[in-house]
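# Observations on the three-dimensional arrangement
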Amino acid sequence: MKYQTIQRCRGSYPVQLMCRYLKVSTSGFYGWASRPKSPRQLDNERLLGRIREHHASSDGVMGAPRMHEALSEEGETASLNRVARLMAKDELRGIPQRRRWRHKPSGDRPADVQNHLERNFTATEPNTKWVTDITYIRTAEAWLYLCPVIDLYGGKVIGWSMSTVQDRHLVLRAVMMACWQREDRRPVILHSDRGTQFTSGDYQRFLKDRNITMSMSNVGHCGDNAAAEGFFGMLKRERVNRRRYRTLAEARADVFDYIERFHNPRIQRRLDALNQGVSGLTQLSAKTG
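Residues numbered from 1 in each chain as written. Predicted model: local features only at pLDDT ≥ 70, side-chain atom pairs only at ≥ 80, totals over all residues. Heavy atoms only, no water.

Here we take up the overall build of the protein chain. What the protein chain contains, in helices and strands, is eleven helices and six strands. By the burial criterion, 40% of the 289 residues in the protein chain qualify as buried. At a minimum sequence separation of 6, the contacts of the protein chain that also span at least 24 residues come to 64%. In the form shown here, the protein chain has an accessible surface area of approximately 17,300 Å², with 52% of it arising from carbon and sulfur atoms. (Helix = DSSP H or I, 4+ residues; strand = E, 2+ residues; numbered from the N terminus. Buried < 20%, exposed > 50% of the residue type's maximum accessible area, 1.4 Å probe, protein only. Contact = heavy atoms within 4.5 Å. Areas by Shrake-Rupley, 256 points an atom, 1.4 Å probe, with all protein chains shown as cover.)

Below you can see the structure in the form of structure tokens.
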């Protein structure tokens with residue numbers, strides 16, 4: 001540890017002075033400095049380089065758990081503790097989540113609508129379970145409202161819309177965008193809370209005409225739509241809370257950038273890696289069978 005301190009400060013102070021102050025021999029320090037690096041040290045330097053690249057590309061929002069996940073997707077076998085240790089040593093930190101609780105007025109759930117998800121946010125195929133909700137983003141001009149539609153198969157945002165007005169049209173545009181990317185009209189569950197935008201007659205008819213089963217949360221159970229709230233938490237923590245938007249146009253452009261250039265590509269890489277793994281296991285099973 002003393003040798004490392006001397007090595008780090010040798011450009012600012014004489015080596016002999018630091019050795020005398022830290023009570024180590026000068027020859028011992030030079031012997032340590034000229035010693036070749038161990039394979040472990042070299043691998044740590046290589047791994048730290050990848051960590052720095054991921055941290056920079058994420059705009060500095062990735063903490064140790066997310067960093068470990070990204071490295072694992074690349075085939076790295078480093079443990080979470082090792083990644084956390086290297087990040088701490090290099091003073092790389094993620095953005096902690098700020099918890100806020102707020103109450104939104106809810107409408108009356110239609111009598112024939114149930115909570116079909118029952119907090120089961122896993123999907124084994126795309127376009128079988130979707131979730132949606134509305135969040136708000138502060139700008140100097142006005143509030144900007146965002147409504148995404150998220151496919152629970154991986155968590156990709158497949159539809160979204162933004163507006164200064166929180167009405168049913170905001171929701172309908174987001175769902176319409178999600179419907180455009182469907183390759184067929186197989187049944188899909190779309191879960192939301194009981195906001196008046198989702199209980200409107202136009203919204204209900206729109207879903208019914210497109211073979212979409214409406215699902216709604218119970219009153220006072222915010223965990224029923226935790227998947228959508230989780231996406232909002234990431235969006236606010238990783239991007240929105242770190243900005244001061246002067247105009248609505250600036251906020252729109254930044255949210256678009258986050259969804260289409262950061263969040264969705266990250267999810268797609270994860271899905272591609274998962275599909276490659278499943279394909280490899282299938283081929284191996286066929287050969288051994």
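How two aromatic rings sit relative to each other is given by the distance of their centres and the angle of their planes. Under the defined criterion, the tally for this structure stands at six aromatic pairs. When the centroid spacing of 5.1 Å and the interplanar angle of 85° are considered together, the rings of Tyr-136 and Trp-143 count as edge-to-face. An angle of 50° between the planes, with centres 6.5 Å apart, marks the rings of Phe-231 and Tyr-258 as tilted. Here Tyr-258 lies in helix H11 (residues 248-288) and Phe-231 lies in helix H10 (residues 226-238), a separation of 27 residues in the sequence. Residue Tyr-258 is classed as buried on the basis of its relative accessible area, which comes to 0%. Between the NZ or CZ atom of Arg-210 and the centre of the ring of Phe-206, over which it lies, the distance is 3.8 Å. One cation-aromatic arrangement involves Lys-236 over Tyr-136; the distance from NZ or CZ to the ring centre is 4.9 Å. (Phe/Tyr/Trp six-rings, centres within 6.5 Å; stacked < 30°, edge-to-face > 60°. Lys NZ or Arg CZ within 6 Å of the ring centre and 35° of its normal.)

The subject of this paragraph is the nonpolar core. Formed by 41 residues in total, the largest nonpolar core has its most connected members in Ile-51, Leu-146 and Ile-259. At the level of secondary structure, the elements contributing two or more residues to this core comprise helix H4 (39-57), helix H5 (64-73), helix H6 (80-89), strand S3 (143-151), strand S4 (156-163), H10 and H11. For this core, the leading source of residues is H11, giving eight residues. Those residues in contact with Ile-51 that lie beyond four places of it in its chain are Met-67, Leu-71, Val-83, Leu-86, Met-87 and Leu-92. (Core = buried A, V, L, I, M, F, W, Y, C linked by side-chain atoms within 4.5 Å.)

What follows deals with the pattern of salt bridges. The full count for this structure, using the stated rule, is 18 salt bridges. Put simply, Asp-224 and Arg-119 hold a salt bridge, and the shortest N to O gap is 2.7 Å. Placement of Asp-224 in the loop between strand S6 (212-216) and H10 and of Arg-119 in the loop between H6 and strand S1 (129-132) is noted, with a sequence separation of 105 residues between them. Taken together, the shared-partner salt bridges in this structure form one network comprising Arg-239, Arg-243, Asp-254, Asp-257 and Arg-261. (Salt bridge = Lys/Arg side-chain N within 4 Å of Asp/Glu carboxyl O.)

Now for unusual backbone geometry. Here Glu-91, not a glycine, exhibits a phi torsion of approximately 60°, which is positive. Position of Glu-91 among the secondary structure elements: in the loop between H6 and S1. Even without being a glycine, Arg-119 presents a positive backbone phi close to 65°. Look at Arg-119 and you get partly exposed, because its relative accessible area is 44%.

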